[in-house]
Amino acid sequence: MLLDLLTVAVLAWFGSRLVVSFRRALTGPARARSVAIARGLRPRHFVPIPFVLTAVVAAALALTALPLLSFGWWTAIGGQGNPVFGVTDRTAGSALSVFVPIVFLVLLVPALPLLVETEERMFRQGAEAWSWPRRVGKVVLFGLAHALIGIPIGFALALSIGGAWFMAAYLHRWHRTGSQAQAVLESSRCHLAYNASIVTVVAVTFAVSLAAWVAGSV
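Predicted model only: the values in this text are computed from it and were never measured.

Along the backbone of the chain there are 11 helices and zero strands. Starting at the N terminus and ending at the C terminus, the chain contains elements arranged as α-α-α-α-α-α-α-α-α-α-α. Principal-axis analysis of the C-alpha atoms gives the chain an extent of 60 × 45 × 30 Å. Residues classed as buried in the chain amount to 42% of the 218 residues present. For the chain, the share of sequence-separated contacts (at least 6 apart) that also reach a separation of at least 24 residues comes to 73%. Of the roughly 11,300 Å² of accessible surface on the chain, a fraction of 72% belongs to carbon and sulfur atoms. Positive and negative side-chain charges in the chain, numbering 17 and 7 respectively, have mean positions lying 9 Å apart.

Shown next as structure tokens:
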């Protein structure tokens, strides 16, 4: 009963945050900014993704094999993956196991460009003036920040690999242009392509689950 209440509270909180982000993303200036970020996506932003994801998954499996790094508060109460997707063992077998994730995805997608740009400003902006130890620290901190939302610590650390790619993209663009704004835009596009690829895989998985649920309920 307590775990059910905790799960409802977590889903309600994340759902409310997604609603706020969704509504903001639909406003004129935010929508224009999102379009500007997404419109600049090119093949170079997608080509590294399979390699980065493979490295992330391999590192995550190795790290979460260690007891201390396998803990995540969301997974401890029955959640699966990132709580922003709304997947949890507590709703397994029910219609909620399909419909909650779909609703969360619908709310998430329009807000993705602005969310990744916010993260890039937090963890990459100004990196051209940092020492290499500080850059490495920011990359690791980027990964660990994901542990705050409940995923296992080892998996959060593995996400630092993606952060390293975004950092490299930022620095490469800064060296070419000398512009922080252009550097943030470039790393944001890499981040957006990366997240959009993951969301696409998750969306296809949920679509298949929905089709199976509908077929089973007929």
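On we go.
Turning to the pattern of salt bridges, a few remarks are in order. On inspection of all chains with the given rule, the structure shows five salt bridges. Linking Arg173 and Glu186 is a salt bridge whose minimum nitrogen-to-oxygen distance equals 3.5 Å. Here the residue Arg173 occupies a position in helix 10 (residues 160–177), and Glu186 occupies one in helix 11 (residues 180–217), the gap between them amounting to 13 residues. One salt-bridge network, in which partners are shared between bridges, spans Arg33, Glu117 and Arg121.

Okay, the packing of aromatic side chains next. Here the structure, examined in full by the defined rule, presents six aromatic pairs. Geometrically, the ring pair formed by Trp73 and Trp74 is edge-to-face, given 6.4 Å between the ring centres and 75° between the ring planes. Judged by its relative accessible area of 31%, Trp73 falls in the partly exposed class. Centroid distance Phe166 to Tyr194: 5.6 Å. Interplanar angle 80°. Geometry classified as edge-to-face. Here Phe166 is found in helix 10, whereas its partner Tyr194 is found in helix 11, with 28 residues between them in sequence. By the burial criterion, Phe166 is buried, and Tyr194 matches it. Through a chain of ring-to-ring contacts, three or more aromatic side chains come together here, namely Phe123, Phe142, Trp165, Phe166 and Tyr194. For Arg17, the ring lying beneath its charged end belongs to Trp13, and the centroid distance is 5.9 Å. When the ring centre of Phe142 is taken as origin, the NZ or CZ atom of Arg124, which lies over that ring, is 4.6 Å away.

A separate point is the side chain of Arg135. Summarising the element assignment, Arg135 is placed in helix 8 (residues 132–145). There is no salt bridge for the buried Arg135, and the closest opposite charge comes from Glu128, which lies 6.9 Å off by N-O distance. A distance of 2.9 Å separates a polar atom in the side chain of Arg135 from the backbone oxygen of Ala127. Not counting chain neighbours up to four residues away, the residues in contact with Arg135 comprise Ala127, Glu128, Trp130, Met167 and Leu171.

For the rest of this paragraph, the subject is the environment of Arg23. In this fold, Arg23 is placed in helix 1 (residues 2–25). Considering only alpha carbons, one finds Arg23 and Leu107, 84 residues apart in sequence, at a separation of 8.7 Å.

Reading the values: the criteria
Residues numbered from 1 in each chain as written. Predicted model: local features only at pLDDT ≥ 70, side-chain atom pairs only at ≥ 80, totals over all residues. Heavy atoms only, no water. Helix = DSSP H or I, 4+ residues; strand = E, 2+ residues; numbered from the N terminus. Buried < 20%, exposed > 50% of the residue type's maximum accessible area, 1.4 Å probe, protein only. Contact = heavy atoms within 4.5 Å. Areas by Shrake-Rupley, 256 points an atom, 1.4 Å probe, with all protein chains shown as cover. Lys, Arg positive; Asp, Glu negative; His and termini not counted. Charge placed at Lys NZ, Arg CZ, Asp CG, Glu CD. Salt bridge = Lys/Arg side-chain N within 4 Å of Asp/Glu carboxyl O. Phe/Tyr/Trp six-rings, centres within 6.5 Å; stacked < 30°, edge-to-face > 60°. Lys NZ or Arg CZ within 6 Å of the ring centre and 35° of its normal. Polar contact = N/O pair within 3.5 Å; in protein donor to acceptor, adjacent residues only side chain to side chain.

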